[in-house]
Amino acid sequence: MFQKNPDPMRMEETPERVLSACRLLARGSMSREALRAAMTLEKNGERELAEANRVIAVVQEELGLVRRKNDCLEFVGPAEVLASPAAFRRYVSAQVFPREDTTFVKFSRWVIAKNEELFRLGRWQVMAETCKAELPEMSGMDENAALGWRFWAAFLGLGYLSGSMFLPNMKLRLQDIFAVDYPWPYGQAVRAEELIPWLDGRLPEADLSGRLPLAVSAGLRTLHELGLIRLETWRDSRPVQLYFVDGEQIGAFSHITVNREVRA
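Overview of the structure. Computed from a predicted structure; not experimentally measured.

This next bit is on the sheet that holds strand β5 (residues 189-191). In spatial order, the strands read β5-β9-β6; together these three strands make up an open sheet with antiparallel pairing. Pairing within the sheet leaves two strands with one partner each, and these edge strands are β5 and β6 (229-232). Taking each pair of neighbouring strands and ignoring which way they run, the sheet shows an average axis angle of 25°. The pairing of β6 with strand β9 (residues 255-258) spans four bridges and is classified as antiparallel. Along β9, the bridge assignment pairs Ile229 with Val258. Most of the contacts of helix α11 (residues 214-225) go to β6, to which it runs at about 110°, and overall it touches β6 and β9.

Shown next, in the form of structure tokens:
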């Protein structure tokens, strides 16, 4: 799922299955066969075994949360990673997004850059074919890869799934960054001119060099509406432009205040 491009991302390696495998191993080391049996409810069909093997590969080879020792698999990640889905999400994000050469990050960047055009593409097959046509390096993209991507993209906070649509909104992704790595005091107004370069170094999947993308803008607006941050435009200041959406009251901001509640 998070391998160097080209990587055949698949639907079976869902966040829920990966987290479940980690929690099983956190109780005690298990043989690969025992873990597969627990994950598949002892179904030994070829499909079930292949799906379990792919999940094990993600936790062992791609996330480094599991290692092999004495013919068994054992959990070696920090215990707090499994404390909650949010803690797991934040750990995975820190491992995944810096790897800009992976198919996951490359496709994420393409999706986010599409902004409203994403809605016109509609079906996942069309999205995959369009990406492949526009980016020769993504020649391995297909519908199954896009469908596999969507579960992790939603879990890691790039947007929300609504039926067959993906709605770009990086509320969760931004909240995680503000909660874990924010360098300014909470409750203090910070200039957007300072925030954006700092944020740019932590969002390799988004281009923040000009007007902010729809996904980032929607995430900031959502956090503002929830009272977790405050976006303001001060007089005689240089505002950063948000992506225009008809009916939205906030079109730009020069200062941001991140509240301590963002860490919840």
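Glancing now at the state of the cysteines. Counted according to the given criterion, the structure contains zero disulfides. Looking at Cys22, it has no disulfide partner, and the nearest cysteine sulfur is the one in Cys72, 16 Å off. Given a relative accessible area of 0%, Cys22 falls into the buried group.

This next bit is on the layout of surface pockets. Vacant regions in the atomic arrangement are exposed by a probe of water-molecule size rolled over the atoms. Considered as a void within the structure, the largest pocket measures approximately 290 Å³ in volume. If you trace the largest pocket, you find 14 residues lining it, with Ser93, Ala94, Arg173, Ile177 and Arg202 closest to the centre. For the lining of the largest pocket, the secondary structure elements donating two or more residues are α4 (85-96) and α9 (171-181). When the residues that make up the lining of the largest pocket are grouped by side-chain class, the tally is seven nonpolar, two polar and five charged. Empty space within the second largest pocket amounts to approximately 170 Å³. Lining the second largest pocket, in full, are Glu12, Arg17, Ser20, Ala21, Leu24, Ala38, Met39, Thr40, Glu48, Glu51, Ala52 and Val55.

The next thing to look at is the nonpolar core. Phe88, Phe104, Phe178, Leu220 and Phe253 are the most contacted members of the largest nonpolar core, which has 82 residues in total. In terms of residue count, helix α8 (residues 143-155) provides more of this core than any other element does, seven residues in total. What Leu220 contacts, discounting residues up to four positions off in sequence, is Leu174, Phe178, Leu212, Ile229, Leu231, Leu242, Phe253 and Ile256.

It is worth spelling out empty space enclosed by the protein at this point. Evaluation of the coordinates by the stated rule reveals one cavity of 30 Å³ or more. Put simply, the largest cavity is a space of about 30 Å³. Taken together, Val111, Ile112, Trp149, Leu158, Phe166, Pro168 and Ala215 make up the full set of residues lining the largest cavity. Those elements that provide at least two residues to the lining of the largest cavity are α5 (103-114) and β4 (165-168). When grouped by side-chain class, the residues that make up the lining of the largest cavity number seven nonpolar, no polar and no charged.

On to the packing of helix α7 (residues 124-134) against α8, then. Following both chains from N to C, one finds α7 and α8 inclined at 110°, their axes separated by 8 Å at the closest point. Comparing their axes, α8 and α7 come out roughly perpendicular. Contacts between α7 and α8 involve Trp124, Gln125 and Ala128 from the former and Glu143, Ala146, Leu147, Trp149 and Arg150 from the latter. Along the lines of polarity and charge, the residues of the contact of α7 with α8 split into five nonpolar, one polar and two charged.

Procedures and definitions
Residues numbered from 1 in each chain as written. Predicted model: local features only at pLDDT ≥ 70, side-chain atom pairs only at ≥ 80, totals over all residues. Heavy atoms only, no water. Pairing = 2+ DSSP bridges. Helix = DSSP H or I, 4+ residues; strand = E, 2+ residues; numbered from the N terminus. Axes fitted to C-alpha atoms, helices over the stretch in contact; angles between N-to-C directions. Contact = heavy atoms within 4.5 Å. Disulfide = S-S within 2.5 Å. Buried < 20%, exposed > 50% of the residue type's maximum accessible area, 1.4 Å probe, protein only. 1 Å grid on protein atoms, 1.4 Å probe; cavity = no way out; pocket = protein on both sides within 12 Å on 5 of 7 lines; lining within 4 Å. Points joined across faces, edges and corners; volume = space filled by probe spheres on them. Nonpolar A, V, L, I, M, F, W, Y, C, P; charged D, E, K, R; others polar. Core = buried A, V, L, I, M, F, W, Y, C linked by side-chain atoms within 4.5 Å. Parallel < 35°, antiparallel > 145°, perpendicular 65-115°, else oblique.

Coordinates in, geometry out; function isn't part of it.
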